[in-house]
Amino acid sequence: MTLYDISALKDKLPEQSVLRAQKNTIQTIVLAGGSPILNEHTVHNGVGAMVRQGEYVGFASAPVSSQAEVESLLQNAEANAHFMQGKSGRNGRAGTARKTICYQTPLEERRISQQHLMSFVQALDRRIAERYPGLGGRMISLRADSMEKHILTDDGTDAHILIPRCYLGISVSVQASDGQMVDYSQSIGGGGFFDEYFSDPALLDEATETVVAKAHEKAGGVYSRAGVCDVVLANSVTGILAHEAIGHTTEADMVISGSVAGPNLGHVVASPLISLTDFAFEAFGSRVPLPVFADDEGTAATDAVVIRDGVLTGYMNDLRSAERFHMQPTGNARAFLFSDEPLIRMRNTCIHPGTSRLEDMIAAVDDGYLLLKNGSGQADGTGEFMFGIQFGYEIKGGKLGRAIRDTTISGLAFEMLKAVDMVSDELDWSGAGNCGKKQMMPVSHGGPAIKTRLSIGGR
Amino acid sequence: MESIFGAAEYALQELKAAGAEAGRCQLDQGVVNEFKTDAGELSMLRTARHENAQLTALVGGKKGSALTSDLSRDSLRQAAARAVDSANAAPDTQAELGPVLQKTFQAGELVCNREALYRRTQELLQEVKERYPLVSLNIYSAAHRENHSLYADSNGTRVCYDTGVYTLFPSFSASQNGVTSSFNAFRCKMNDLSRPFMDIGLARMLIAQSEKQIYPQTFRGKFTGQVLFAPFCLSGFLNSIVERCAGDHGMLSKTSPWRSKLGQQVSDAGISLDIVPLDPRIAAGERLTTDGYISENYTLIEDGVLKCFAVSRQGARATGCAPAPNTSRSLLLKCGKYTLDELVQGIERGMLVTRFSGTGPNVNGEFSGVAKNGFLIENGKITDAVSECMISGNFLQMLA
């Protein structure tokens, strides 16, 4: 099933309209203790039309099979916008200026059979079961997804985009001496197709060994002490901090709703060591994990510089918010499925690397924690954030101590950023995540290790 | 556009042609009408016509599924091939079709009353503006979902379920002099629009609380005290525990601490937890399990005793326990004998937690995170709103 071809409508679009054909393919396999919990191959394929009239938007979508149906969608979207305008009687603002783009993805969809994926996952599961018979539990999950879009706008954008990802999760549980089940998981993969990362399950032996070893180390670990303390957040953790703690508060729709970023534009919100950008497709000379060249309003994607040298300099915008804040639209309007309307979403959100070495940062902590692996997180408009920590170590007198079990960290984003006094020179990216703001959305985040002070949960 | 009835026959035929020994399909067709706000004003109307088909192929005892978002013959044929491909690769779980059924169900208002939905949404926005002037309300979604569902299998089962439900998903915060409260939000599902949105569930209480949360006290120090979880917050904890301790996740991975506790006390005798998709208070609840059996309400925990597990038929086959009578998570914790005021009065020092932002409870029951939109309880009274307050504990021990 291919993306519906909307090219014939390129020159027939009504004023201030966007037409988007989109196909999402999601292959998911989950084995728990060798039994399949999920074995699914999903395709969402259809067309969405969006028409703006003044400050009102009409949207209509459907799976389609003919040009007449697509034309009907455009008419429905116009009628919906008209319904909204008719209710209020207001004419609203005019549209904002933006850059359009013509782009053709160099990638081609690769079809990998579910049977091939399942065979790989089962072989890996068997290897783990045979090599580690004493595990309390094991779970293998594989998700290969891709998002293909063709976006046309009345003002000239014609963008064909394909973003594939593939991630394999290995999770094991072991029983600790206190009877508690302790688990550790690791995600492997990245932007791209399955066969770019995986070929032979035996090649994952080293990764599996690490997962099992960490689970045992964690089982022998301690609970963190609850309270405010010095921490070094490893580069793998800083990315989610960039997303949850800062990113969400600077999405322009959150600013409009009253987030803490509103009154702080142009103010110092972080240590001068901190710069943060939501990158569109390249960062520091390299391609980011989830490159976005055009957003779903047809705006050419550009980097959204959020914090520069500690000063809050901008927000992530769609067309409407850019107009409201007199900023340039950055191409952050993204929709998950063809049936979804674009929302302001992050893309590749990253704290910039600094100059310190991780060893020196650990040595600078007298009594605190090195936090190495994050779980999921959440943020608030006030800047209050939390996220889970799956693994880390105590730091005593500048040296690593015992492993710690699952805990949670929290703080106020800008206060925590102001307390940063060291930033490492090594950057780490992750593109495995999905952000859940009304719709799911693949996002990536990255960062260096940072040394700061925040609240940690525990006993 | 193919009807779901014609599409089902074609899908079953294609499953067989692709190599399935037996097959089933769940087909959905309908439309969503949704309003949403921008900067507190209604600004968008979205109409999304949807079609979905989930095809399941059985090859021997092996099962594989494929989903597609349109009911065209091309899509169904390809989905059938993918489902058989998945089944061929799957391990043998002795998967089988359910009993032969011929049933029709209906729930809610099938056709969207768009004008009434618009009016109810405007009414909510207006009331908040007038009665809670410090509150900024954002409607992510005020919607109606019309859905026609058909479950069919190669043994002749045909079960139709037509539903029309209204849903509401607002978020809100309050601000004054550049200071903003924590965000709060809720989701609810309704069979009709007979009641103003403000009167649904705890909507009024949560929105009103926002104004009291603009200037929270930053919590310092730590203490062990009692926690009063509001229903919205508690349901998240209960869902997690049900899945990890009694559901497929915990039972199949053998990590459930309840896996050998059937018929035993797993919580305080004051706790009774039912799973009730047929309860009239559940809008368009489950009528057919994911395995193809008619759903029935059941009791998971009665007076603290674990009565059964919340596992699917596949989970039951793999673990040797009885399958649950439904596969929903429509949880109903039975009311106790105290009013909210009496509960508060009984707490010397503790917290009222209306939202929890954190991790867990994990399989051991451990959780830690931030108590959001919370209030301190001191000497039997709700006092200050608090921020930056982490809570941690063991939910299984708390239930006990």
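Caption draft 1: Fine view of the overall build of chain A. Counting secondary structure elements, chain A contains 8 helices and 24 strands. Radius of gyration (C-alpha) of chain A: 23 Å, near the 23 Å computed for a compact globule of 459 residues. In terms of overall dimensions, chain A has C-alpha extents of about 70 × 55 × 40 Å along its principal axes. Within chain A, residue pairs in contact and separated by at least 24 positions form 73% of the contacts whose partners lie at least 6 positions apart.

Caption draft 2: Spotlight on the nonpolar core. All names here are of chain A. Counting residues in hydrophobic clusters, the biggest one holds 43 residues, and the most contacted among them are L233, I307 and L371. Those elements that place two or more of their residues in this core are β8 (227-233), α4 (235-247), α5 (252-256), β12 (304-308), β17 (367-379), β18 (384-396), α8 (413-418) and β24 (450-456). Ranked by residue count, the leading element in this core is α4, at 6 residues. Once you skip the residues sitting within four places of it in the chain, L371 turns out to touch V231, V232, L233, A234, V237, I389, F391, G392, I404, I409 and I456. Of all hydrophobic cores here, the second largest spans 42 residues; its members include I170, V174, V182 and Y393.

Caption draft 3: Layout of the domain arrangement of chain B. Residues and elements named next belong to chain B. Domain annotation of chain B identifies domain 1 (4-212) and domain 2 (226-399). Computed over C-alpha atoms only, the centres of domain 1 and domain 2 are separated by 24 Å. Across the contact, 29 residues belong to domain 1 and 22 residues belong to domain 2. Interface area for domain 1 against domain 2, summed over the two sides, is near 2,200 Å², with a carbon-plus-sulfur share of 61%. Connecting domain 1 to domain 2 are 0 salt bridges. Summed over the shared surface of domain 1 and domain 2, the number is 8 residue pairs in polar contact (both at pLDDT 80 or more).

Caption draft 4: Just α4(A), in detail. Residues and elements named next belong to chain A. Along α4, the sharpest change in direction is near 30 degrees and occurs at L241. Summarising burial for α4: 11 of the 13 residues are buried, a large majority. Taken as a whole, α4 has its buried residues at V237, T238, G239, I240, L241, A242, H243, E244, A245, I246 and G247.

Caption draft 5: Looking closely at the packing of aromatic side chains. All names here are of chain B. By the definition in use, this model includes 26 aromatic pairs over all chains. Here the aromatic rings of F356 and F367 are separated by 5.7 Å at their centres, their planes lie at 85 degrees, and the arrangement is edge-to-face. One end of the pair, F356, is in strand β17 (residues 355-359); the other, F367, is in strand β18 (residues 366-372), with 11 residues separating them in the sequence. Members of the aromatic cluster, each reached through a chain of ring pairs, are F229, F237, F356, F367 and F395. Here R313 stacks its cationic end above the ring of Y293, 3.4 Å away from the centre of that ring.

Caption draft 6: Local environment of the interface of chain B and chain A. Counting from both sides, the interface comprises 75 residues of chain B and, opposite them, 78 residues of chain A. For the pair chain B and chain A, the summed buried area comes to about 6,000 Å², and 50% of that belongs to carbon and sulfur atoms. On the chain B side of the contact with chain A, R49(B), F183(B) and M390(B) bury the most area, a combined 10% of that side's loss. Where chain B touches chain A, the interface holds 9 salt bridges.

Caption draft 7: Looking closely at the pairing of β18(A). All names here are of chain A. With 12 of 13 residues buried, β18 lies mostly within the body of the structure. The sheet contact formed by β17 and β18 spans 10 bridges and is antiparallel. Across the sheet, N374 pairs through a bridge with I389, a residue of β18. As judged from the 6 bridges shared by β18 and strand β20 (residues 407-412), these two strands associate in the antiparallel manner. Counterpart to G388 in the pairing with β20 is T408. Here 4 bridges tie β18 to strand β19 (residues 399-404), and the two strands are oriented antiparallel to one another. The residue of β19 that forms the bridge with I395 is L400. Connecting the antiparallel pair β18 and β19 is a turn made up of 2 residues, with G397 showing a positive phi of about 55 degrees.

Rules of the game
Residues numbered from 1 in each chain as written. Chains lettered and ligands numbered in written order. Predicted model: local features only at pLDDT ≥ 70, side-chain atom pairs only at ≥ 80, totals over all residues. Heavy atoms only, no water. Helix = DSSP H or I, 4+ residues; strand = E, 2+ residues; numbered from the N terminus. Rg over C-alpha atoms; globule rule 2.2 N^0.38 Å. Contact = heavy atoms within 4.5 Å. Core = buried A, V, L, I, M, F, W, Y, C linked by side-chain atoms within 4.5 Å. Buried < 20%, exposed > 50% of the residue type's maximum accessible area, 1.4 Å probe, protein only. Domains from an automatic or database assignment. Buried area = accessible area lost by both parts, 1.4 Å probe. Salt bridge = Lys/Arg side-chain N within 4 Å of Asp/Glu carboxyl O. Polar contact = N/O pair within 3.5 Å; in protein donor to acceptor, adjacent residues only side chain to side chain. Bend = angle between axes of the 7 residues up to and from the residue. Phe/Tyr/Trp six-rings, centres within 6.5 Å; stacked < 30°, edge-to-face > 60°. Lys NZ or Arg CZ within 6 Å of the ring centre and 35° of its normal. Pairing = 2+ DSSP bridges.

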